[in-house]
Amino acid sequence: MSKTEKSVFEVLSAINVNDKVEQKNGLTYLSWAWAWAEVKKNYPSATYKVVKDEASNMPFVYDKYMGYMCSTEVTIKGETLEMWLPVMDGANKAMKLEAYEYQTKYGKKTCQNATMFDINKTIMRCLVKNLAMFGLGHYIYAGEDIPQDDKSVAEKLATPKKAEVTPKKVEAKKVTTIK
């Protein structure tokens, strides 16, 4: 790579994905179709693979105690990165072969058993997470709102604002010393 050529991470991390994300249960999701399209626009030879369990040839591994796990591999410009993601319900509980109950401060809840639909959704979410390892939307996983190279947003953030200071009422406390 020449000094003027940007790395894959530099190119993909500069893309602002904010207008393509959705919020669900307090989590941010990026459409796999849009994410993959952005990668292919920039790197037409990019590929991905759904990792299959060697023993079962299924697109997941399963443990009766811990649940299901899906994995993907993405290759861009000769670099391959792997990512994994557990199959979870809307409350981020590990889905298993059979439904189970768990206790919360609000009472008993049930985690339903996993279906192939749940596994398919997890595979595609895993792909998006894998693409974030290459830079696309990585700032979402870091808990930030904007990519670091978004100059228009960065300029707004750099504009000084008037600080509002509200005096706080301070109560005196009686201090007792022991001799």
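Residues numbered from 1 in each chain as written. Predicted model: local features only at pLDDT ≥ 70, side-chain atom pairs only at ≥ 80, totals over all residues. Heavy atoms only, no water.

Scanning the entire structure with this criterion turns up 4 aromatic pairs. One cation-aromatic arrangement involves lysine 93 over tyrosine 102; the distance from NZ or CZ to the ring centre is 4.7 Å. We note lysine 96 situated over the ring of tyrosine 100; from NZ or CZ to the ring centre the distance is 4.8 Å. (Phe/Tyr/Trp six-rings, centres within 6.5 Å; stacked < 30°, edge-to-face > 60°. Lys NZ or Arg CZ within 6 Å of the ring centre and 35° of its normal.)

Another point: the pairing of strand S6 (residues 79-86). Successive residues of a regular strand alternate their side chains across the two faces of the sheet. Pairing analysis gives 8 bridges linking strand S5 (residues 67-76) to S6, with the strands arranged antiparallel. Looking across to S6, one finds that serine 71 is bridged to tryptophan 84. Taking the residues that link successive antiparallel strands as the turn, the S5-S6 hairpin has 2 residues, and the phi of lysine 77 there is positive, at about 50°. (Pairing = 2+ DSSP bridges. Helix = DSSP H or I, 4+ residues; strand = E, 2+ residues; numbered from the N terminus.)

This prediction gives the chain a mean pLDDT of 85; 79% of its residues lie at or above 70. Under a pLDDT of 50 for its full length, residues 150-179 has, in the predicted model, 3 contacts with residues more than four places off or in other chains. (pLDDT = per-residue confidence, 0-100. Contact = heavy atoms within 4.5 Å.)

For asparagine 57, which is not a glycine, the phi torsion comes out positive at approximately 60°. Counting through the fold element by element, asparagine 57 comes out in the loop between strand S3 (47-51) and strand S4 (61-63). Unlike most non-glycine residues, lysine 77 shows phi in positive territory, near 50°. With respect to the helices and strands, lysine 77 occurs in the loop between S5 and S6.

Another point: the pattern of salt bridges. On inspection of all chains with the given rule, the structure shows 3 salt bridges. In this structure, the salt-bridge partner of glutamate 5 is lysine 77, at a minimum N-O distance of 2.6 Å. With a gap of 72 residues between them, glutamate 5 in the segment before helix H1 (8-13) and lysine 77 in the loop between S5 and S6 connect regions that are remote in the sequence. Take glutamate 5: its relative accessible area is 35%, and that puts it in the partly exposed class. Since its relative accessible area comes to 49%, lysine 77 is described here as partly exposed. Note that glutamate 101 and lysine 108 form a salt bridge whose closest N and O atoms lie 3.8 Å from each other. The two residues glutamate 101 and lysine 108 agree in class, both being exposed. (Salt bridge = Lys/Arg side-chain N within 4 Å of Asp/Glu carboxyl O. Buried < 20%, exposed > 50% of the residue type's maximum accessible area, 1.4 Å probe, protein only.)

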